[in-house]
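A look at the structure
Here's the letter readout for the chains.
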Amino acid sequence: MKDADDLERIADALELQNALLLQLVQDRERERVQEHPDPDHSGRSDRAIATDVVDAYGDLYGGSIGSWPFDPVTERVEKMGDSR
């Protein structure tokens with residue numbers, strides 16, 4: 001069971017890393033929009049940014065890491081903005 005526990009910890013760490021990366025990208029997008037000289041300029045939505053990040057990971061890893069499907073935040077991305 002040690003191997004399964006190790007794999008679970010690795011998966012959890014990757015998921016956390018992905019969430020932190022997504023937050024960083026979204027924060028930088030908000031900063032970029034705030035600094036834009038045109039007050040009517042709007043940035044991408046959090047959902048659009050999250051979709052781009054997930055797509056970039058898919059491109060980078062060819063859609064999977066080993067035998068695991070690489071889809072760490074897709075379900076959360078699909079649900080973003082749906083709850084009001």
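**A short note on the overall build of the chain**
Per the secondary structure count, the chain includes 3 helices and 2 strands. Going from N to C terminus, the chain has its helices and strands arranged as α-α-β-β-α. Within the span of the chain, comprising 84 residues, buried residues form 17% of the whole. Expressed as a percentage of contacts within the chain between residues at least 6 apart in sequence, the contacts between residues at least 24 apart total 51%.

**Topic: the pattern of salt bridges**
Counted by the stated rule, this structure contains 7 salt bridges. Ionic pairing is found between arginine 9 and aspartate 6, a salt bridge with its closest N-O pair at 2.8 Å. Separated by 3 residues within a single helix, arginine 9 and aspartate 6 lie in helix 1 (residues 2–35), roughly one turn from each other. Residue arginine 44 pairs with aspartate 52 through a salt bridge whose shortest N-O separation is 2.3 Å. A residue is classified by how much of its surface remains accessible, and aspartate 52, at 38% relative accessible area, is partly exposed. The structure contains a network of salt bridges with shared partners spanning Glu29, Arg32, Arg44 and Asp52.

**Thoughts on a nonpolar patch on the surface**
Taken together, the side chains of Leu7, Ile10 and Leu14 define a hydrophobic patch exposed on the protein surface, amounting to about 240 Å² of accessible area. Structurally, isoleucine 10 can be placed in helix 1.

**Focus: the nonpolar core**
With 5 residues, the main nonpolar core is built from Leu22, Ile49, Ala50, Val53 and Tyr57. The greatest single-element share of this core, amounting to 4 residues, is contributed by helix 2 (residues 46–61). Those residues in contact with isoleucine 49 that lie beyond four places of it in its chain are Leu22, Val25, Gln26, Glu29 and Arg44.

What counts as what
- Residues numbered from 1 in each chain as written.
- Predicted model: local features only at pLDDT ≥ 70, side-chain atom pairs only at ≥ 80, totals over all residues.
- Heavy atoms only, no water.
- Helix = DSSP H or I, 4+ residues; strand = E, 2+ residues; numbered from the N terminus.
- Buried < 20%, exposed > 50% of the residue type's maximum accessible area, 1.4 Å probe, protein only.
- Contact = heavy atoms within 4.5 Å.
- Salt bridge = Lys/Arg side-chain N within 4 Å of Asp/Glu carboxyl O.
- Patch = residues over 30% accessible without salt bridge, like charges linked within 9 Å, V, L, I, M, F, W, Y side chains within 5 Å.
- Areas by Shrake-Rupley, 256 points an atom, 1.4 Å probe, with all protein chains shown as cover.
- Core = buried A, V, L, I, M, F, W, Y, C linked by side-chain atoms within 4.5 Å.

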